[in-house]
Amino acid sequence: EEAIELDPSFALAFSQLSFLHGRTYRFGYDRRPERIEAQRTAADSALALQPDLPQAHFAAGYVHYVEGDFEEALDDCYIALEGLPSDASIVAFIGYSHRRLGNWRELVAAYQRAVTLDPRNASFHNDLGGNSFLLLHRYGEAITAYDRALQLEPDFGDAAWWKGMAYLGMEGQIDTLKASVEAASGMSVWSRFRLHAYERDWQGAGHEIMNDSGPAFIDQAILVPKSLMSAWVHQALGERGAAAAAYDSARAFLEAYAAENPEDDRVHYGLGHVYAGMGRTAEALRSAENLYLPWQGDFHDGPWYAGFAAEILASAGLVDEAIEVLRPLLEGPSFVSADLLRIHWAFDPIRNHPRFQALLEPSAVTLGH
């Protein structure tokens, strides 16, 4: 902004400002619609000042991406790439756009080209590579990509977590996930909590909550108050009164957050689990639908949020609805595996139902080739 004030014709500065607004929205620091409008305004200014500037087209592509128009995003990114053919960030972003559209061959090709241009970029190996292969249930290739990310950044908590999840999907064992969590200094309280919960070590899960500062875990996808984590612990330990109080505390926190941030859809994950725990089934169902229905047709975020919705539906005891969401996740691209369902506490309320048990039978589905 200071650069633009000094030189109102500085198109490159407008391009970078647009990216900053977009990332601020996308990564969850500010989910108000005004932030997207500021992103678009800055990109439009860059293009108006310098229509042939590759970075301006790249910024315009990111506007389309944040708004969910991935075909338009690709059009602008390919124009940008003509002017900057060796820019690994543009290549990677083309890959991300293809991933949202379900264009798997183009996605893998973009990953391979991006890491050839920028081989020391741990984020490319973790997300564009590892997370994409994990989405496609190509676990061996995912692990290779995560390993490369961790070689470059040994404290990369996300890469360590997802490497463990890839081993869970490939081998059905939690040992590597546990070792990854224990070895990575950058692991979030949410990841440490989940590991204990997967192991049904509820005392350990409660210990993680008490030793972490702050009222909630939040990232670009979900918001989980620590009071909700406490409710799960108390419920698992049979402490009904404490669980009810913790659920109500989480409800108050999340409903207040939703009132102050009406455009932030991350609140639906926590609210859905809260309503399920409180026996408010209709509201839990509505939260689950609010969480995943807007993302249908998106081949990355769609499966991501559908997996979260399935947790809520199962926690509420909605067997038919949970299975309807889970079946395509097990048969197609997703971050869900039968082995994850076997250990995830959210599915305990429907675990013994015959239809749920049938979902856990071994599958011969191979994806993404």
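The coordinates are above.
Conventions adopted
- Residues numbered from 1 in each chain as written.
- Predicted model: local features only at pLDDT ≥ 70, side-chain atom pairs only at ≥ 80, totals over all residues.
- Heavy atoms only, no water.
- Helix = DSSP H or I, 4+ residues; strand = E, 2+ residues; numbered from the N terminus.
- Rg over C-alpha atoms; globule rule 2.2 N^0.38 Å.
- Buried < 20%, exposed > 50% of the residue type's maximum accessible area, 1.4 Å probe, protein only.
- Contact = heavy atoms within 4.5 Å.
- Areas by Shrake-Rupley, 256 points an atom, 1.4 Å probe, with all protein chains shown as cover.
- Axes fitted to C-alpha atoms, helices over the stretch in contact; angles between N-to-C directions.
- Parallel < 35°, antiparallel > 145°, perpendicular 65-115°, else oblique.
- Left-handed = near helix turned anticlockwise from the far one by under 90°.
- Nonpolar A, V, L, I, M, F, W, Y, C, P; charged D, E, K, R; others polar.
- Expected span 1.5 Å × (residues − 1).
- Phe/Tyr/Trp six-rings, centres within 6.5 Å; stacked < 30°, edge-to-face > 60°.
- Lys NZ or Arg CZ within 6 Å of the ring centre and 35° of its normal.
- Salt bridge = Lys/Arg side-chain N within 4 Å of Asp/Glu carboxyl O.

**Student:** Tell me about the overall build of the chain, and name the residues and values.
**Tutor:** Secondary structure summary: the chain contains 21 helices and two strands in total. The globule rule puts the C-alpha radius of gyration for 369 residues at 21 Å, and the 21 Å found for the chain is close to it. Seen through its principal axes, the chain has C-alpha atoms that stretch 65 × 45 × 35 Å. A burial count over the chain gives 55% of its 369 residues as buried. Taking as baseline every contact in the chain between residues at least 6 positions apart, the subset at least 24 positions apart corresponds to 58%. Split by element, the accessible area of the chain, about 16,400 Å² in all, is 50% carbon and sulfur.

**Student:** Let's hear about the packing of helix 13 (residues 202-210) against helix 14 (residues 226-236): which residues, and what values?
**Tutor:** Put simply, helix 13 and helix 14 touch, their axes get as near as 10 Å, and they point 160° apart. For the element pair helix 13 / helix 14, the angle class is roughly antiparallel. Handedness of the helix 13/helix 14 crossing: left-handed. On helix 14, the residues that touch Trp202, Ala205, Gly206 and Ile209 of helix 13 are Lys226, Met229, Ser230, Trp232, Val233 and Ala236. For the contact of helix 13 with helix 14, the residue count by class is seven nonpolar, two polar and one charged.

**Student:** Tell me about unusual backbone geometry, and name the residues and values.
**Tutor:** Of note in the backbone geometry, histidine 137 takes a positive phi value of approximately 65° without being a glycine. As for its position among the elements, histidine 137 is in the loop between helix 8 (122-135) and helix 9 (139-152). Look at histidine 137 and you get buried, because its relative accessible area is 18%. Positioned with a positive phi, arginine 200 is a non-glycine residue whose angle comes to about 60°. Here arginine 200 shows up in the loop between helix 12 (189-198) and helix 13.

**Student:** Lay out helix 19 (residues 319-331) with the relevant residues and their values.
**Tutor:** The periodicity of an α-helix, 3.6 residues per turn, causes residues three or four positions apart to be oriented the same way. With 13 residues, helix 19 should cover 18 Å at 1.5 Å per step; its first-to-last C-alpha distance of 18 Å lies within 8% of that length. Among the residues of helix 19, those classed as buried are Val319, Ala322, Ile323, Val325, Leu326, Leu329 and Leu330. Buried residues in helix 19 make contact with helix 17 (281-292), helix 18 (301-315), helix 20 (338-343) and helix 21 (354-359).

**Student:** Quick rundown of helix 10 (residues 157-171)? Include the residues and the values.
**Tutor:** Given a rise of 1.5 Å per residue, 15 residues ought to cover 21 Å, and the 21 Å separating the end C-alpha atoms of helix 10 matches this to within 8%. Taken across its 15 residues, helix 10 has 12 buried, putting it largely inside the fold. Those residues of helix 10 that sit buried are Gly157, Ala159, Ala160, Trp161, Trp162, Lys163, Gly164, Met165, Ala166, Tyr167, Leu168 and Gly169. Considering only its buried residues, helix 10 is in contact with helix 8, helix 9, helix 11 (175-183), helix 12, helix 18 and helix 20. Just past helix 10, the residue glycine 172 takes up positive phi, approximately 75°.

**Student:** How would you sum up the packing of aromatic side chains? Please name residues and give values.
**Tutor:** Throughout the structure, instances matching the rule amount to 30 aromatic pairs. Considering the side-chain rings of tryptophan 190 and phenylalanine 193, the 6.1 Å spacing of their centres and the 10° angle between planes classify their relative orientation as stacked. Here phenylalanine 193 and tryptophan 190 lie together in helix 12, a separation of three residues that amounts to about one turn. The same class applies to tryptophan 190 as to phenylalanine 193, namely buried. When the ring centre of tyrosine 25 is taken as reference, the NZ or CZ atom of arginine 31 above it lies at 5.6 Å.

**Student:** Quick rundown of the pattern of salt bridges? Include the residues and the values.
**Tutor:** Using the criterion set out here, one finds 22 salt bridges in the structure. Between aspartate 127 and arginine 99 there is a salt bridge, and its shortest N-O distance comes to 3.0 Å. Of this pair, aspartate 127 sits in helix 8 while arginine 99 sits in helix 6 (residues 88-101); the two residues are 28 residues apart in sequence, bridging distant segments of the chain. Relative accessible area serves as the criterion here: at 3%, arginine 99 is assigned to the buried category. Between arginine 351 and aspartate 348 there is a salt bridge; the shortest N-O distance is 2.8 Å. The class for arginine 351 is buried, based on a relative accessible area of 15%.

Scope: geometric values only; no functional claims are made or implied.
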